[in-house]
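# Architecture at a glance
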Amino acid sequence: IFARYYDTMKRYVDYLTSKTYHCVLHHGLGDWLDIGPNVPHSQNTPVPVIATTVYYYDLTIMHSVAEILGKDEDAQYFAELMQRTKDEFNLQFYDDQTFRYATGSQAAQALSLMVGLVEEQNTDGVVKYLEQDIVKRGYATTAGDVGHPFVTAALTKYGLSHVMNQMMNITDRPGYGYQVQCGATTLTEEWDGPDPDRPHGSLNHFMLGSGDEWFFAGLAGIQGMRLDLPFDRVFISPFFADGVNEVKTSVPHPYGTISVSWSREEDGVTVSVTLPAGVRGEFEDPFTRKRSEIGSGTASFVCREPAGSEQ
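Residues numbered from 1 in each chain as written. Predicted model: local features only at pLDDT ≥ 70, side-chain atom pairs only at ≥ 80, totals over all residues. Heavy atoms only, no water.

### Quick word on the side chain of T249
Mapping T249 onto the fold places it in strand β6 (residues 246-253). When its relative accessible area of 17% is taken as the criterion, T249 is described as buried. Excluding residues within four positions of it along the chain, T249 makes contact with F216, A220, I222, I258, S259 and V260. (Helix = DSSP H or I, 4+ residues; strand = E, 2+ residues; numbered from the N terminus. Buried < 20%, exposed > 50% of the residue type's maximum accessible area, 1.4 Å probe, protein only. Contact = heavy atoms within 4.5 Å.)

What follows is the structure, given as structure tokens:
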């Protein structure tokens, strides 16, 4: 598939490159339908931040595909273009005094983290700024169609599922809990679409469905999709959310099915992990952070919260 469509992919990325100025892409819809008064246009995050992070993401994909196909000259070209783009992006948008990208919006912080534009030594600060922005807003989301999937992924990857859990459940401002509170039975196009006093936009729209990823990667803890792991390795670290007593899920893998379930018992939380033949994994106890190697088949763990501690 890569070989068949490589030239088409390359032409598209070349087109994007032709639209850049100093490696920054300035056109696009930005973080479509983010939260604010001027919908649907991106208002919390500058368009060049959204466009350039996705452009850089495309470059990383092209670099990997070129390496896989043995196109060494192209791989070198994309590697050099990635570095120039990363350097320019950080020069233009990163504030090293505050760990903030551009406006410091949730989308700007999360996208920069998840596509690899943040220098390693700045990662903790950028993550902390993202967390603080969400908390100070009462766990309200500000990201739109493009940014929210990356906010979900960043909170999961960097151990902030407790923040994501709060965001999922607030009901007094636009978000998932708000939509349920307003009586929505399907996801809506806009975060506040089912407002009973002013229903607007499409009321059956999967565009904001990225929270679904957290059910698998956060609650169940199957985190392989966003981690740089070999194909046959998985990392499992569930989140035992307050108010949730049982989780049971499975995801398809080319070698079979990966299943995780957990339930609260009197003596702790019992977790069961099933991996198909040919897949190995690592299980992390959410309370103690102790890691255990697991192989194909089913492994069970009892996780107990240490006295006087919180997850």
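Picking up where we left off.
### A closer look at the pattern of salt bridges
What the rule picks out here adds up to 10 salt bridges. A salt bridge links K86 to E119, with the nearest nitrogen and oxygen atoms 3.9 Å apart. With a gap of 33 residues between them, K86 in helix α3 (residues 72-93) and E119 in the loop between α4 (106-115) and α5 (123-136) connect regions that are remote in the sequence. Residues R233 and E293 are paired through a salt bridge, measuring 3.3 Å at the closest nitrogen-oxygen approach. Taken together, the positions of R233 in strand β5 (residues 233-236) and E293 in strand β10 (residues 291-294) put the pair 60 residues apart, joining distant regions of the chain. Exposure remark for R233: the relative accessible area of 26% places this residue in the partly exposed category. What makes E293 partly exposed here is its relative accessible area of 47%. Salt bridges linked by common partners bring E282, E284, R289 and R291 together as one network. (Salt bridge = Lys/Arg side-chain N within 4 Å of Asp/Glu carboxyl O.)

### Looking at the sheet that holds strand β8 (residues 268-275)
Spatial ordering of the open sheet is given by β6-β7-β8-β11, a layout of four strands whose pairing is antiparallel. Either end of the sheet is taken by a strand with one partner, and the two such strands are β6 and β11 (297-303). The sheet shows a mean angle of 10° between the axes of neighbouring strands, direction not considered. Bridge analysis of β6 against strand β7 (residues 256-265) gives eight bridges, and the strand direction is antiparallel. Among the inter-strand pairings, H253 is bridged to a residue of β7, identified as G256. (Pairing = 2+ DSSP bridges. Axes fitted to C-alpha atoms, helices over the stretch in contact; angles between N-to-C directions.)

### Here's the deal with unusual backbone geometry
Trans is the prevailing form of peptide bonds, just as negative phi is the prevailing case for residues other than glycine. Cis geometry marks the peptide bond from V39 to P40, where omega comes out at 5°. Relative to the elements of secondary structure, P40 occurs in the loop between β2 (24-25) and α2 (47-68). Of note, C23 is a non-glycine position whose phi angle comes to about 70°, a positive value. Along the chain, the position of C23 falls in the loop between β1 (20-21) and β2. The class of C23 is buried, set by a relative accessible area of 15%. In this structure, A102 is a non-glycine residue whose phi angle is positive, near 50°. Within the secondary structure, A102 is located in the loop between β4 (100-101) and α4. Look at A102 and you get partly exposed, because its relative accessible area is 24%.

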